[in-house]
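Spelled out from the first residue to the last, the chains are:
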Amino acid sequence: MIYTVTLNPSIDYVVELPKIQMGLVNRLEKTVKFPGGKGINVSRILNEMKVENTALGFVGGFTGHFVTEALSELKLNIDFTEIADDTRINVKIHAEKETELNAKGPEISVEELETFKKTFLKVGAKDVVVFSGSIPENLPQSLYLELINMITAAGAEFAVDTTGEALLKTLDKHPIIIKPNNHELSAIVGRSLKSDDEIVDAARELINKGAQNVLVSMASDGGILVTKREVYRSYAPSGQVINSVGAGDSMLAGFIGEYYQNKNVETAFKRGLACGSATAFSLDIADKLMIKKVYSEINVKKVRSEN
Ligand SMILES: Nc1ncnc2c1ncn2[C@@H]1O[C@H](COP(=O)(O)OP(=O)(O)O)[C@@H](O)[C@H]1O
Ligand SMILES: O=P(O)(O)OC[C@H]1O[C@](O)(COP(=O)(O)O)[C@@H](O)[C@@H]1O
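As recorded by an unreviewed UniProt entry, the protein carries the name Tagatose-6-phosphate kinase and is attributed to Pediococcus claussenii. Under Pathway (unreviewed entry), UniProt gives the following word-for-word description of the protein: "Carbohydrate metabolism; D-tagatose 6-phosphate degradation; D-glyceraldehyde 3-phosphate and glycerone phosphate from D-tagatose 6-phosphate: step 1/2." Check the Function (unreviewed entry) section of the UniProt entry for the protein; it says "Catalyzes the ATP-dependent phosphorylation of fructose-l-phosphate to fructose-l,6-bisphosphate."

Okay, here's the thing in structure tokens:
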């Protein structure tokens, strides 16, 4: 079983208008709401891939009700912890450029956190847990680490998609995969990364700190996978970008879903790339038909091998 963890889910409220005029009333041409949050998006893609999974996290209030209802309609397995405060609403503006307004999110009480931790007691050997997204401000920033210690003691493995210290703290626990985008990777190593070689060197630093694989996503430039011995490169297929929110989560889901089934990093990379671009080419998170179509257009090249 794969478990996904979304500590701070959201309603992603996508609004479309030709141009934003600051200081004036702006009329929206189109609005649409989706259940959002990084782990939830991972679960949605895993469902499209028919990989058994359960989404864990916190939901509360009328917004939390929307999220659980929408996910139940999509037939997702969920085991969320109910909280008193409202789940956040993140606004995704599609105007001249894509702009995101991500809210801080609800406060979580000590009792709610304790209830949530108990949902991890069922994680066992052979399970994989995907920790995605930011840790809400009022929770200990070491929470991922605490949960990782719990699940690895039970024999499970894990993947992480977060940034900064919260990510760095997990590396010596040997995540199967981490997925920074090129900007996040640059912030982690503290220097600008212009060429593929510079990206590979930076990813290699994180491998040396303990990550098993580093998947660097690069939006329309595709991605680079650095493993202990190999480097793979792929460019993104061209297509009409409709909504790239969730493309990174979809990429991680594709990788982990495939890897969980066959332990092959190259095909996992290819599946990840297909899921990422398929979501960028869709209004919502991609469905299996779009993933299949994009998969046939992905080419992965092994660019380095140290066998
Ligand atoms: N404009 C795009 N065209 C084609 N593929 C894309 C586009 N944006 C994202 N993707 C695909 O999705 C992956 C993840 O997107 P990215 O924006 O890098 O992640 P994140 O959302 O985490 O920043 C990319 O590596 C690429 O494969
Ligand atoms: O937890 P964070 O870092 O605030 O991110 C939450 C947001 O990220 C998303 O999961 C999308 O993430 P990506 O575009 O990076 O894949 C949205 O659904 C959500 O609104």
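The immediate surroundings of ligand 2 are formed by 18 residues, with Asp12, Lys38, Asn90, Gly246 and Asp249 found nearest. With respect to ligand 2, the side chain of Asn41 contributes an N or O atom lying 3.2 Å from an oxygen atom. Contact between ligand 2 and Gly246: an oxygen atom at 2.8 Å from a main-chain N or O atom of the residue. For ligand 2, whose unbound accessible area comes to 490 Å², protein coverage reaches 84%. Listing elements by their share of the shell around ligand 2, those giving two or more residues are strand 2 (10-16), helix 1 (38-48), strand 6 (88-94) and helix 8 (247-262). Residues of the shell around ligand 2, tallied by class, amount to 2 nonpolar, 11 polar and 5 charged.

All right, on to empty space enclosed by the protein then. Overall, the coordinates contain 1 cavity of 30 Å³ or more when judged by the stated rule. Roughly 80 Å³ of volume is contained in the largest cavity. Lining of the largest cavity is provided by Asp12, Val14, Phe34, Pro35, Asn41, Asn243, Val245, Leu283, Asp284 and Ile285. Residue composition of the lining of the largest cavity, by class: 6 nonpolar, 2 polar and 2 charged. Counting residues domain by domain, the lining of the largest cavity receives three or more from each of domain 1 (1-20 + 30-128 + 138-160) and domain 2 (163-306).

A few words on the domain arrangement of the protein. When its domains are assigned, the protein resolves into domain 1 (1-20 + 30-128 + 138-160) and domain 2 (163-306). Measuring from the centre of the C-alpha atoms in domain 1 to the corresponding centre in domain 2 gives 20 Å. Contacts between the two partners involve 32 residues from domain 1, matched on the other side by 38 residues from domain 2. Where domain 1 abuts domain 2, roughly 2,900 Å² becomes buried across the two surfaces, and 66% of that area is made up of carbon and sulfur atoms. Taken together, domain 1 and domain 2 are joined by 1 salt bridge. For the salt bridge of Asp284 with Arg44, the shortest nitrogen-to-oxygen distance reads 2.9 Å. Put simply, domain 1 and domain 2 have 9 residue pairs in polar contact (both at pLDDT 80 or more) between them. At the level of elements, strand 2, strand 3 (30-36), helix 1, strand 6, strand 7 (98-101), helix 4 (143-153) and strand 9 (157-161) are the ones that each hand at least two residues to the side of domain 1 that touches domain 2.

Calculation criteria
- Residues numbered from 1 in each chain as written.
- Chains lettered and ligands numbered in written order.
- Predicted model: local features only at pLDDT ≥ 70, side-chain atom pairs only at ≥ 80, totals over all residues.
- Heavy atoms only, no water.
- UniProt positions renumbered as here; feature names shortened; annotations may be inferred.
- Near = heavy atom within 4 Å.
- Polar contact = N/O pair within 3.5 Å; in protein donor to acceptor, adjacent residues only side chain to side chain.
- Areas by Shrake-Rupley, 256 points an atom, 1.4 Å probe, with all protein chains shown as cover.
- Helix = DSSP H or I, 4+ residues; strand = E, 2+ residues; numbered from the N terminus.
- Nonpolar A, V, L, I, M, F, W, Y, C, P; charged D, E, K, R; others polar.
- 1 Å grid on protein atoms, 1.4 Å probe; cavity = no way out; pocket = protein on both sides within 12 Å on 5 of 7 lines; lining within 4 Å.
- Points joined across faces, edges and corners; volume = space filled by probe spheres on them.
- Domains from an automatic or database assignment.
- Contact = heavy atoms within 4.5 Å.
- Buried area = accessible area lost by both parts, 1.4 Å probe.
- Salt bridge = Lys/Arg side-chain N within 4 Å of Asp/Glu carboxyl O.

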